[in-house]
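Here is what each chain is made of, one letter per residue.
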Amino acid sequence: MASLTSEGNITSFQKKGRNRIPYIQGTRQSVQNAQILASSGVPSLDHVLGNGLPVGTILLIEEDVFGTFAKLMLKYFLAEGAACDHPLFLASRDIVPKSLMKDLPLPIKSDSGSGSSQGAKVEDPMTIAWRYQNMRQVQSAPGSSNSGTQLGHNFDLTQTISPEDLDSCDFTLWSGPEENDLPVGGFINPDYGFLLSRIQKHLLDGQFGVQDEPSKHSILRLAIHSLGSPLWVNSSCGQSLDATIKKDLPRFLLCLRSLLRESYALAMVTVPCHLFQDPAIQRLCEYQSDMALKFESFAGSSYETNPVFKEYHGLLHVRKLGPINTLATPVPESLDLAFKLRRRKFVIEKLHLPPELQESAQREQDDILSGNKSFSCSSNQSSKLDF
Amino acid sequence: MLYSKMAAALIAALGLDQPNVQSSSFAVLERGNADSSFVLSCFMWECLVGRPARESRANGLLLPRTSESSTAVLLLSCHHSSAHYRNQTLKLGLNLTSLSQKGLFEELDLMKVISESLSAKKLSAELVDEQGTIAVKNLFLSVRNKLMKMRENFKSVCLIIGNINDIVTSGVSLEHVFIFINYLQGLLSEISNMSLVISSHVTDEDENERLLGTFIKNSSDLTVLVSGLQTGLSKDVSGCLSVLGQSVPSGTYHYRLMDRQVKMFSPGSSSV
């Protein structure tokens, strides 16, 4: 097949062999190692993670205290999949999975927020600080300067997916074992085995394996909500809750990672680490995941009323960014990350202290003079000779 | 220049460029959220590229002979997939795919074995028992047979095991893993010119991983400790690497992982 050179001339050069990496809607290839990347549903989070989630990996989210923002991340993850026509798989024992699917937000059609603000700045020239007119604007949100190459969508939380659109999506829900299911993996709590068996069967039936050749390749998005929560306790387990979770949860993540490595699939798993008494469980889960984040919400804490954090709803801690088929891992520009939830956007950005604005219009030296009458030698302050 | 310096800094820090280090056992322990797979990739680079290049230069040859004078490598990867190590070593200038065709490199991917054990394929049935856990005895026999076959064709062999703690995570008891490591140590005297490199992740809060890390460290000639920075992540420094050994001067280094290179330097100084 003839191809074009950079000057527009047609050459007879033919690329040898076929491209092994198939084109999948809603994904792109990494420049460093040709890894297929997909969006998490939050563009600013994609930038933190290195331009997207690598396909075949697990993103572990350590839930905030009330689980609000962890559940929100799952919604964005699934909504992004729905917008890109990716098949979805949602598992939860804490909530009814169907109710979460019904609350998926709709993507915003056009996002011209950043462009319009920059245009306004150009039209409003500076008269006093004119030397700073042409300086580059400081971008707080990661990745906002290259919004033209953004992978994912922005979503409007006030608008949810319509029942017709939801019916047209390819999704599978799991809230517990069914009659004909058989557990795999030899877990102490067989419910983990049931879920793993179901995932493995879904990967096989949907031809998501890297060796499979379906008519159209796609990415399976696995969302597992609150894995290891108290509702996962099985009465048949003889050991204590923590002892069971300590053995089963890392093993489940290891088995899941083994399945994903051979598939065009990626998983987002939320875990309520704040409920585990043994700190080793959190460490082991982070180790068995490819990437791990912790959401710390300000709700119910002293930070909620702290004026320093008045613009934000919580802090984002990057716990782990493992190397995926490469030597060096991408490191975010800043680790001081905070998130804020607006009606039409969920933004993760560098934590900035608010500017210290004085409420009084008086000059500072006037405040000193008016407040220090006892220090002046003369009682007559109106004399022009007074210093 | 054939001798690449991409992994040479790490090899020099570990003293592997010194002679008479063939029959040795090495322990690589990683702490926190640090990843030590780059150390194993450097070991593979040293066995397959570094040492043959040095020996050929010592013999006055321009090109190393990839024949019976080379070191063959068997990789048993438990935490990362085999594709991860292939891509990583490719960044260091080592093509494992072409070397495996010459018989110099073989791999056992335990993640693939676990994945197949969950499905109906059961291609590696001899490595998985009826409960779905890894059959350690069969795994040892498989490793031993491969090593002996490689030793017949090449001068020396090296067994590299990545993150052996994942065998415990997969359901095998800690005692069986101790016995497995003990048997592997026994291969060092059974097979001449053999090296053994075992890496493990150590979670301080988990007693099993702590015991396993201590056991591996005590039964090795040289220990490499890989950990992250205590203050978090940094673009200039990827982590901290400590070397403890009898024949090598102990030291603590900072390392930086770049796209195609591993840089080592003393804490607080720039790369040398």
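For the structure itself, consult the block above.
Note that the structure is a prediction, hence the values are computed from the model and not measured. (Residues numbered from 1 in each chain as written. Chains lettered and ligands numbered in written order. Predicted model: local features only at pLDDT ≥ 70, side-chain atom pairs only at ≥ 80, totals over all residues. Heavy atoms only, no water.)

S.K.: Which residues make up the overall build of chain A, and what values do they have?
M.R.: When helices and strands are counted, chain A shows 9 helices and 16 strands. Taken over 387 residues, chain A has a buried fraction of 45%. Relative to all contacts within chain A whose residues are 6 or more apart in sequence, the contacts with residues 24 or more apart total 73%. When the accessible surface of chain A is split by element, carbon and sulfur atoms take 51% of a total near 21,100 Å². (Helix = DSSP H or I, 4+ residues; strand = E, 2+ residues; numbered from the N terminus. Buried < 20%, exposed > 50% of the residue type's maximum accessible area, 1.4 Å probe, protein only. Contact = heavy atoms within 4.5 Å. Areas by Shrake-Rupley, 256 points an atom, 1.4 Å probe, with all protein chains shown as cover.)

S.K.: Could you give an account of empty space enclosed by the protein, naming the residues involved and the relevant values?
M.R.: Leftover empty space is mapped by rolling, across the atoms, a probe with the size of a water molecule. Residue and element names in this part refer to chain B. Tallied over the entire structure, the rule returns 3 cavities of 30 Å³ or more. Taken as a whole, the largest cavity holds about 60 Å³ of empty space. Along the walls of the largest cavity sit 10 residues, with F26, F43, C47, R51 and S195 positioned nearest its centre. The set of elements that each furnish at least two residues to the lining of the largest cavity consists of α2 (37–58) and β5 (194–202). Considering every element that reaches the lining of the largest cavity, the biggest residue donor is α2, with 4 residues. (1 Å grid on protein atoms, 1.4 Å probe; cavity = no way out; pocket = protein on both sides within 12 Å on 5 of 7 lines; lining within 4 Å. Points joined across faces, edges and corners; volume = space filled by probe spheres on them.)

S.K.: Explain the pattern of salt bridges to me, and be specific about the residues and the numbers.
M.R.: The tally for this structure, following the rule as stated, stands at 16 salt bridges over all chains. Note that K340 of chain A and E349 of chain A form a salt bridge whose closest N and O atoms lie 3.5 Å from each other. K340 of chain A sits in the buried class, given a relative accessible area of 15%. For E349 of chain A, a relative accessible area of 8% corresponds to the buried category. With its nearest N and O atoms 3.5 Å apart, the salt bridge here joins D259 of chain B to K91 of chain B. Of the two residues, D259 of chain B sits in the loop between β8 (251–257) and β9 (262–265) while K91 of chain B sits in helix α3 (residues 82–91), which places them 168 residues apart along the sequence. (Salt bridge = Lys/Arg side-chain N within 4 Å of Asp/Glu carboxyl O.)

S.K.: Give a detailed account of the sheet that holds strand β16 (residues 346–350) of chain A, specifying residues and quantitative values.
M.R.: All names here are of chain A. Spatially, β10-β7-β11-β12-β6-β13-β14-β15-β16 is the arrangement adopted by the 9 strands of the open sheet, whose pairing is mixed. For this open sheet the edge positions go to β10 (171–174) and β16, each flanked by a neighbour on one side alone. Going from strand to strand, the sheet's axes swing by 20° on average, the running direction of each strand aside. Relative to β10, helix α6 (residues 190–205) is tilted by about 165°, and along the sheet it contacts β7 (88–92), β10, β11 (220–225) and β12 (265–271). (Pairing = 2+ DSSP bridges. Axes fitted to C-alpha atoms, helices over the stretch in contact; angles between N-to-C directions.)

S.K.: Got a sec to walk through the side chain of E349 of chain A? Specific residues and values, please.
M.R.: In this structure, E349 of chain A sits in strand β16. A distance of 3.2 Å separates polar atoms of two side chains, one belonging to E349 of chain A and the other to Y312 of chain A. (Polar contact = N/O pair within 3.5 Å; in protein donor to acceptor, adjacent residues only side chain to side chain.)

S.K.: How would you explain unusual backbone geometry if you had to name every residue and give the values?
M.R.: All names here are of chain A. Even without being a glycine, N51 presents a positive backbone phi close to 75°. Mapping N51 onto the fold places it in the loop between α1 (43–48) and β5 (53–54). On the basis of relative accessible area, N51 is assigned to the partly exposed category, the value being 35%. The residue D85 is not glycine, and still its phi comes out positive at about 60°.

S.K.: Outline the packing of aromatic side chains, supporting the account with residue identities and numerical values.
M.R.: Geometry of an aromatic ring pair is reported as the spacing of the ring centres plus the angle between the planes. All names here are of chain B. Evaluation of the coordinates by the stated rule reveals 18 aromatic pairs over all chains. For the pair F26 and F43, a centre-to-centre distance of 5.2 Å together with 55° between the ring planes defines the contact as tilted. Linking F26 in strand β1 (residues 25–31) with F43 in helix α2, this pair joins segments that are 17 residues apart in sequence. Comparing F26 with F43, the two get one shared label, buried. Summarising the aromatic geometry, the rings of F140 and Y183 are spaced 5.3 Å apart at their centres and angled 70° between planes, so their arrangement reads as edge-to-face. (Phe/Tyr/Trp six-rings, centres within 6.5 Å; stacked < 30°, edge-to-face > 60°.)

S.K.: Lay out the packing of helix α6 (residues 136–153) of chain B against helix α8 (residues 174–190) of chain B in plain terms, naming residues and giving numbers.
M.R.: When two helices pack together, their arrangement is given by the angle between the helix axes and the distance between those axes. Residues and elements named next belong to chain B. Look at α6 against α8: their axes get within 10 Å of each other, and the N-to-C directions meet at 20°. Considering the angle they form, α6 stands roughly parallel to α8. The hand of the α6/α8 crossing is right-handed. Taking contact as the criterion, the partners of V136, L139, F140, V143, R144, L147 and M148 in α6 are, on α8, H176, F180, Y183, L184, L187 and E190. Classifying every residue of the contact of α6 with α8 gives 10 nonpolar, 1 polar and 2 charged. (Parallel < 35°, antiparallel > 145°, perpendicular 65-115°, else oblique. Left-handed = near helix turned anticlockwise from the far one by under 90°. Nonpolar A, V, L, I, M, F, W, Y, C, P; charged D, E, K, R; others polar.)

S.K.: Break down the sheet that holds strand β4 (residues 36–38) of chain A for me, with residues and values.
M.R.: All names here are of chain A. The strand order across the open sheet formed by 3 strands is β3-β4-β5, and the pairing between neighbours is antiparallel. Looking along the sheet, the strands with just one partner apiece sit at the ends: β3 (27–29) and β5. Across 3 bridges, the pairing between β3 and β4 is antiparallel. In the sheet register, Q29 faces β4, and the bridge partner there is I36.

S.K.: Go over the side chain of S220 of chain B with me, naming the residues and quoting the values.
M.R.: Residue and element names in this part refer to chain B. Mapped onto the elements of the fold, S220 is located in the loop between α9 (207–218) and β6 (222–227). Within the structure, the side chain of S220 is placed 2.7 Å from the backbone oxygen of I216, a separation counted as a polar contact. For S220, the contacting residues outside a window of four places in its chain are S25, F26 and A27.

S.K.: Tell me about the interface of chain A and chain B, and please be specific about residues and values.
M.R.: Of the residues lining the interface, 37 residues belong to chain A; the matching set on chain B comes to 45 residues. Considering only the side of chain A, the residues that lose the most area to chain B are Y287, N325 and L327 of chain A, jointly responsible for 24% of the buried surface there. For the pair chain A and chain B, the interface holds 3 salt bridges. For K246 of chain A, the salt bridge identified is with D206 of chain B, shortest N-O distance 3.2 Å. Taken together, the links from chain A to chain B amount to 13 residue pairs in polar contact (both at pLDDT 80 or more). For the side of chain A that touches chain B, the elements supplying multiple residues, two or more each, are α6, α7 (241–261), α8 (279–288) and β14 (314–321) of chain A. Counting residues per element, the side of chain A that touches chain B draws most heavily on α7 of chain A, which supplies 9 residues. Looking at the side of chain A that touches chain B residue by residue, the classes come out as 18 nonpolar, 9 polar and 10 charged. (Buried area = accessible area lost by both parts, 1.4 Å probe.)

S.K.: I'd love a proper account of the layout of surface pockets, names of residues and values included.
M.R.: As a volume, the largest pocket reaches approximately 1,700 Å³. Lining of the largest pocket is provided by 47 residues; of these, V210, Q211, R261, E262 and Y264 of chain A occupy positions nearest its centre. Within the residue set of the lining of the largest pocket, elements represented by two or more residues are α6 and α7 of chain A together with α3, α4 (96–101) and α5 (110–118) of chain B. Looking at the lining of the largest pocket element by element, the count peaks at 6 residues for α3 of chain B. Of the residues in the lining of the largest pocket, the class split is 17 nonpolar, 19 polar and 11 charged.

S.K.: Residue-level account of the pairing of strand β13 (residues 291–297) of chain A, with values.
M.R.: Residue and element names in this part refer to chain A. Along β13, 5 of the 7 residues are buried, which leaves the element largely enclosed by surrounding structure. With 4 bridges connecting them, strand β6 (residues 58–62) and β13 associate as parallel partners. Across the sheet, residue L60 finds its bridge partner in β13, namely A292. Sheet topology places β13 next to β14; 7 bridges connect them, and they run antiparallel. Counted as the bridge partner of L293 is V318 from β14.

Geometry only, nothing functional implied.
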